[in-house]
Structures are given as C-alpha cells and as structure tokens.
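# Analysis of the macromolecular model
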Amino acid sequence: MTHIIGQHDCKADTKGRVILPISLKNQLLPVLNDGFVIKRSVFQQCLELYPKQEFDVLMQKVMKKSKINRKYDAFVRNFVAGMKELSIDGDTGRIQIPRNLVEYAGIEKEVVLNAVFDKIEIWSKDKYEKVLAESEKDYADLAEEIFADDE
C-alpha cells in the first residue's frame, strides 16, 4: 500500500496542467511507471488521484457488490463519471487534468494537492479552505467518535 503525505499548494494553467512539487513526486517514484487514475470524489467537489495499483484494490471492492441492483447501477455510473487513466511526466512531474474534471472541481489557478493515505485529493484552493473551515468546529467530536473504540 502506498502512503502519501503532505499538503501542497500549486498552480494550474489554463489547460489544466499541474506540476507536482518535488517532495510529492519523490513519494510517488516507486509507482510512477504504473500509471494513475483520476476521478471525481464521492463525498466532496474535488478530484482524487490514485496510483493505479491502489485504484485496482478499490475497484475490486466495488466489483464485489451485487450488480443486479438499481442503487449499484446508479452508484457505479456516478463513480466512474469522468474517470481517466493518466501518467505523471517523469521529468517534469506534470499531470494533465481532463477539462471535464477541471470544470467539475472548479479548478482555476490556485490548487491544493492534499495527500490522504493512498490517494491525492486535488482541490480548488478556495473550496478546500472553505471545507476545512466548515468542518473545523466538528473536528474534535469526530476524532473522539472515530477513535472511541481504540481504548
């Protein structure tokens, strides 16, 4: 399993190209040649960039569910909407975000790359800061609830 860490402020150009910071690119070196998958997030209006091997694990979980089900059908349609395989340029660390995903996430110039365990969230900086501010008041309660059974 890949463990990626860090929050990185970046810039996107008008074509949706983003150059990964060297510290993030270095973390991805072991999986750089395997490729990546970019998709819309399920819970937030941001994008998720998965190393291909991590995405394959996620897809196995999705595919284990019953396929003869309307809810599954609706979920999968949205889950794969706009999904695309992409590569990271090994020399420059540049990714090209597809136009439809740039529009979905509201990405303009300021971008936040937020590494979350096995994926990288790609946010419009304004949306990222707004989501953090909105969830800040509940953060301590969420931490207690999530870690309550660890005692």
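Small disclaimer: the values here were computed from a predicted structure and weren't measured. (Residues numbered from 1 in each chain as written. Predicted model: local features only at pLDDT ≥ 70, side-chain atom pairs only at ≥ 80, totals over all residues. Heavy atoms only, no water.)

### Some points on the overall build of the chain
In terms of regular secondary structure, the chain is built from 6 helices and 8 strands. What you see in the chain, going N to C, is helices and strands ordered as β-β-α-β-β-α-α-β-β-α-β-β-α-α. In terms of overall size, the chain behaves like a compact globule, its C-alpha atoms giving a radius of gyration of 16 Å where 151 residues would be expected to give roughly 15 Å. Seen along its three principal axes, the alpha-carbon backbone of the chain occupies a region of about 45 × 40 × 30 Å. Residues counted as buried form 36% of the 151 residues belonging to the chain. Look at the contacts in the chain between residues 6 or more apart in sequence, and 60% of them connect residues 24 or more apart. (Helix = DSSP H or I, 4+ residues; strand = E, 2+ residues; numbered from the N terminus. Rg over C-alpha atoms; globule rule 2.2 N^0.38 Å. Buried < 20%, exposed > 50% of the residue type's maximum accessible area, 1.4 Å probe, protein only. Contact = heavy atoms within 4.5 Å.)

### So, the environment of E145
With respect to the secondary-structure elements, E145 resides in helix 6 (residues 139-147). By relative accessible area, E145 is classed as exposed at 63%. Along the backbone, E145 and P51 are 94 residues apart, and their C-alpha atoms lie at a distance of 30 Å.

### Overview of unusual backbone geometry
Its identity is not glycine, yet F117 carries a phi of approximately 60 degrees, on the positive side. Mapped onto the elements of the fold, F117 is located in the loop between strand 7 (110-116) and strand 8 (119-124).

### With respect to the pairing of strand 8
Judged by how many residues are buried, strand 8 sits mostly within the fold: 6 of 6 residues are covered. Here strand 8 shows a buried face lined by K119, E121 and W123 and a second buried face lined by I120, I122 and S124. Looking at chain direction, strand 7 and strand 8 are connected through 6 bridges and run antiparallel. Looking at strand 8, one finds that V116 is bridged to K119. Counting the residues between successive antiparallel strands, the hairpin from strand 7 to strand 8 contains 2 residues, one of them, F117, with a positive phi of roughly 60 degrees. (Pairing = 2+ DSSP bridges.)

### Structural notes on the pattern of salt bridges
Under the counting rule described, the total for this entry stands at 9 salt bridges. With a closest N to O distance of 2.7 Å, K11 and E110 form a salt bridge. Pair noted here: K11 is in strand 1 (residues 7-11) and E110 is in strand 7, with a separation of 99 residues, a long-range link. Of the charged contacts, one joins R17 and D13 as a salt bridge, the two residues approaching to 2.6 Å between their closest N and O atoms. Note on R17: relative accessible area 26%, which makes it partly exposed. Accessibility expressed as a relative area gives 29% for D13, which makes it partly exposed. Within this structure, D9, K125 and E129 form a network of salt bridges that share partners. (Salt bridge = Lys/Arg side-chain N within 4 Å of Asp/Glu carboxyl O.)

### Re the packing of helix 2 (residues 52-63) against helix 3 (residues 70-79)
Axes are the key here: two packed helices are described by the angle between their axes and the distance separating the axes. Closest axis-to-axis distance for the helix 2/helix 3 pair is 12 Å, and the angle between their directions is 160 degrees. When the axis of helix 2 is compared with that of helix 3, the two are roughly antiparallel. Considering how the two elements wind past one another, helix 2 and helix 3 form a crossing that is left-handed. Side by side, helix 2 and helix 3 meet where F55, L58, M59, V62 and M63 of the first sit next to Y72, F75, V76 and F79 of the second. Considering only residue class, the contact of helix 2 with helix 3 consists of 9 nonpolar, no polar and no charged. (Axes fitted to C-alpha atoms, helices over the stretch in contact; angles between N-to-C directions. Parallel < 35°, antiparallel > 145°, perpendicular 65-115°, else oblique. Left-handed = near helix turned anticlockwise from the far one by under 90°. Nonpolar A, V, L, I, M, F, W, Y, C, P; charged D, E, K, R; others polar.)

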